[in-house]
Amino acid sequence: MKEILDLQKSLFDSNITKSPTFRVAQLKKLKRVLKDHEPELLNAVHKDFMKGQFNTFLTEFSGLYLELDSYIKNVPKWSKSERAKTNLLNLPAKSYLIPEPLGVCLIIGAWNYPVSLSLAPVLAAIAAGNTVILKPSEITNHTSAVIAKMIRSNFDPSFFAVVQGGVQETTDLLAQHYDKIFFTGSVAVGKIVYQAAARHLTPVTLELGGKSPAIVAPDANLNIIVKRLVWGKFLNAGQTCIAPDYVYVHKSIEDQFLARLSKEIDHAQFALEKDNYAQIITTSHLERLIRLIDEQKLFKGGRYDMPSRFMEPTVLTGVTHSDKVMEDEIFGPIFPILTYNNIEEVISFVKSRPKPLALYLFTESNSLRKKVLTEVSFGGGAVNEVILQFANENLPFGGVGQSGMGAYHGEAGFRCFSHYKSILQKPTWFEPTLKYYPYKRWKESLLKNILRFS
Ligand code: NAD
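Residues numbered from 1 in each chain as written. Predicted model: local features only at pLDDT ≥ 70, side-chain atom pairs only at ≥ 80, totals over all residues. Heavy atoms only, no water.

1. A closer look at the sheet that holds strand S4 (residues 131-135)
Quick note on the threshold: Pairing between strands is defined by DSSP: at least two bridges between the two strands are required. Comment: elements are numbered from the N terminus, with helices defined as DSSP H or I runs of at least four residues and strands as E runs of at least two. A contact between two residues is defined here by any heavy atoms of the two lying within 4.5 Å. Axes, fitted as lines to C-alpha atoms, cover a helix only where it is in contact. Angles between the N-to-C directions of the axes lie from 0 to 180 degrees.
Judged by pairing direction, the sheet is mixed, and its six strands sit side by side in the order S5-S4-S3-S6-S7-S17 without closing on themselves. A single partner strand is all that each edge strand has here, and the edge strands are strand S5 (160-162) and strand S17 (404-405). Pairing of S4 with S5, which is carried by three bridges, proceeds in the parallel orientation. Paired with Val 132 across the strands is Phe 160, a residue of S5. Seen against the sheet, helix H1 (residues 2-13) touches strand S3 (104-108), S4 and S5 and runs at an angle of roughly 155 degrees to S4. Against the sheet, helix H4 (residues 116-127) makes contact with S3, S4, S5 and strand S6 (180-184), and its axis sits at roughly 170 degrees relative to S4, the strand it touches most.

2. Points about the sheet that holds strand S13 (residues 314-316)
Ordered in space as S10-S13-S14-S9-S8-S15-S16, the seven strands form an open sheet in which the pairing is mixed. Both edges of this open sheet fall to strand S10 (298-300) and strand S16 (380-383), since each of them pairs with a single strand only. Neighbour-to-neighbour, the strand axes of the sheet open up by a mean angle of 25 degrees, direction not taken into account. Pairing analysis gives four bridges linking strand S15 (residues 358-362) to S16, with the strands arranged parallel. The residue of S16 that forms the bridge with Ala 358 is Gly 380. Against the sheet, helix H12 (residues 366-375) touches strand S8 (213-216), S15 and S16, its axis set at about 165 degrees to S15.

3. Observations concerning helix H11 (residues 343-352)
Note the threshold: Three exposure classes are used, based on accessible area relative to the maximum for each residue type with a 1.4 Å probe and protein chains only: buried under 20%, partly exposed in between, and exposed over 50%. By definition, the arc is the one covered by directions from the helix axis to the C-beta atoms. Definition of a polar contact: a pair of N or O atoms within 3.5 Å, with one able to donate and the other able to accept a hydrogen when the atoms are protein atoms, and with sequence-neighbouring residues admitted only if both atoms are side-chain atoms.
For H11, the set of buried residues is Ile 343, Val 346, Ile 347, Phe 349 and Val 350. One side of H11 holds all its buried residues, which, seen down the axis, span an arc of 165 degrees. Among the exposed residues of H11, those pointing more than 90 degrees away from its buried face are Lys 351 and Ser 352. Where H11 is buried, its residues touch S8, strand S9 (246-250), strand S14 (334-340), S15 and H12. A distance of 2.9 Å separates the backbone nitrogen of Glu 344 from a side-chain oxygen at the start of H11, and that oxygen is part of Asn 342.

4. Looking at the packing of aromatic side chains
Here is the rule: Pairing of aromatic rings covers Phe, Tyr and the six-membered ring of Trp, with a centre-to-centre limit of 6.5 Å; geometry is then stacked below 30 degrees between planes, edge-to-face above 60, and tilted otherwise. A ring is considered to have a charge above it if a Lys NZ or an Arg CZ atom is located within 6 Å of its centre and within 35 degrees of its normal.
The tally for this structure, following the rule as stated, stands at 24 aromatic pairs. When the centroid spacing of 6.3 Å and the interplanar angle of 45 degrees are considered together, the rings of Phe 57 and Tyr 65 count as tilted. Where Phe 234 meets Phe 270, the ring centres are 5.5 Å apart and the plane angle is 55 degrees; that geometry is what we call tilted. In this pair, Phe 234 sits in helix H8 (residues 222-234) while Phe 270 sits in the loop between helix H9 (254-268) and helix H10 (283-292), placing the two residues 36 residues apart along the sequence. Of the two residues, Phe 234 and Phe 270, neither departs from the other in class, the shared state being buried. Positioned above the aromatic ring of Tyr 65 is the side chain of Lys 35, whose terminal nitrogen or guanidinium carbon lies 4.0 Å from the ring centre. We note Lys 180 situated over the ring of Phe 417; from NZ or CZ to the ring centre the distance is 5.7 Å.

5. Some words on the site of the ligand
Here is the rule: Near, as used in this document, describes a residue that has one of its heavy atoms within 4 Å of the molecule or strand being considered. Surface exposure here means Shrake-Rupley accessible area, sampled with a 1.4 Å probe, where a residue is shielded only by the protein chains that are shown. Put simply, Ala, Val, Leu, Ile, Met, Phe, Trp, Tyr, Cys and Pro go in the nonpolar bin, Asp, Glu, Lys and Arg in the charged bin, and everything else, Gly too, in the polar bin. As used throughout, domain bounds are those supplied by an automatic or database domain assignment.
Around the ligand, 25 residues are found, and the nearest of them are Trp 111, Glu 138, Ser 186, Leu 208 and Glu 329. Between Ser 186 and the ligand, the recorded distance is 2.6 Å, taken from a side-chain N or O atom to an oxygen atom. A total of 840 Å² of accessible area belongs to the ligand in isolation, and the protein chains cover 89% of it. Going through the elements one at a time, helix H6 (167-174), S6 and helix H7 (187-199) are the ones with two or more residues in the shell around the ligand. Looking at the shell around the ligand residue by residue, the classes come out as 13 nonpolar, eight polar and four charged. Taken domain by domain, the makeup of the shell around the ligand includes at least three residues from each of domain 1 (2-208 + 405-419) and domain 2 (213-398).

6. A look at the nonpolar core
As a reminder, the rule being used: Residues enter a nonpolar core if they are buried and are Ala, Val, Leu, Ile, Met, Phe, Trp, Tyr or Cys, with the set joined through side-chain atoms within 4.5 Å.
Phe 160, Val 216, Phe 257 and Leu 261 are the most contacted members of the largest nonpolar core, which totals 121 residues. Each of two domains, domain 1 (2-208 + 405-419) and domain 2 (213-398), supplies a minimum of three residues to this core. Once residues lying within four places of it in the same chain are set aside, the contact partners of Phe 160 are Gln 8, Leu 30, Leu 119, Val 122, Ile 126, Val 132, Leu 134, Ile 151 and Phe 155. If you look at the next biggest cluster of nonpolar residues, it comprises 19 residues, including Ile 4, Ile 108, Val 163 and Val 204.

7. So, unusual backbone geometry
Residue Pro 92 follows Leu 91 across a cis peptide bond; omega there is -5 degrees. If you trace the backbone, Pro 92 turns up in the loop between strand S1 (82-84) and strand S2 (94-101).

8. Details of a nonpolar patch on the surface
Rules: What goes into a patch is any residue over 30% in relative accessible area without a salt bridge, connected to like charges within 9 Å or, for nonpolar side chains (Val, Leu, Ile, Met, Phe, Trp, Tyr), within 5 Å. Only one rule defines a salt bridge in this text: a Lys or Arg side-chain nitrogen within 4 Å of an Asp or Glu carboxyl oxygen.
A grouping of Phe 54, Leu 58, Trp 231 and Leu 388 is seen on the molecular surface, where their side chains present a nonpolar patch of about 380 Å² in accessible area. Tracing the backbone through its elements, the reader meets Phe 54 in helix H3 (residues 53-78). Given the relative accessible area of 55%, Phe 54 is considered exposed.

Structure, rendered in structure tokens:
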């Protein structure tokens, strides 16, 4: 690991990665390599958790290709200096910001979208002119092996290297000194990463998780929004960091809502062989999920199969804050439904918990929308939609508080892996004496006058 790091440091110091032409060429190459390996990666994801090909293409590849195209197009523009205004006190002068790459970046990926959560930050790091060491998740080991092979056979490790492994290898990686660490995963491991980074004062981006609420107001268009909720909750069998974790539905429409929910789940026919579902990633995750099902509150589903690591979409009703399912992020196909009479109850509950990664609000009311979006803090979200805020590269993606720090995607990703050097550039043909000693009364009143006009 130290050897790779040293190789990358010396490549970075050679300044080659700083050239926008080099960056664009590497991104184009990565796009070609990804396209060539697409069938192999789709197979590997299927081996890891039986996710169907279209499902994987939709949720992993389409976004990556869009981001790649956006970076290829925009790198020349984003890597230029940005002008800033010069204040009166400093005139005459030019002010500007120079985006510079940070250096050697460690990127640690999660298993639930093993291709895109590993490679999307890599694209941003390369676009910004850095070198990359990627550690994909050991849990989706087939996918990680293909990623490692694909990168090793196409990129020099002094520029882009993949290190495979689990806790021990990640711990060893974290002992080294990087210029940036980008981590996607759980809150618990996020804290370990943050502490490791603190030893070297390395900047970090933490893309973590949490319990993301969905709030359904009495005026919500149930015909449409229940479809959207069912799609987003059971995508990847609920193993999505921004999946709606639980629903708070207005008491007055609970029956209608549940009837529609049940109908939509039946209509989708979630099954491993139907290209619309996924296995629960490990037996221990399935066991954890089983423990969250309270038979007394079971409204729909609840069946599972250990050998095939399958759990059917499961809905719990009459759920209260003290139920086990409301403790931690569910990360599986269990949908707890809570009811409310007054939006204040919902707001105060959400605010009493760690700040969520996402929040989804279903309403036609502008005033309710403004109220919830103003009063509740969360990473990002959607109104009358779920998950798709992630698919707009113009919206920076990230958490706040316990759900993470920093953001990426599109230009935000470029900025996440850059430092903006502030420069004040002065000509030498003008030299006011104001700042120089000796200090006199006329200098003081002139300065105060200038400040009044600044
Ligand atoms: P995880 O935290 O268990 O693992 C993430 C990475 O950390 C893996 O590469 C793993 O090898 C490494 N790791 C695990 N334990 C470690 C330890 N003790 N020391 C050092 N490294 C260690 O997360 P996961 O199970 O892969 O992913 C699920 C979690 O990730 C969920 O909480 C989910 O919400 C979150 N997530 C967040 C996002 C996001 O973009 N915000 C995306 C996907 C997943």
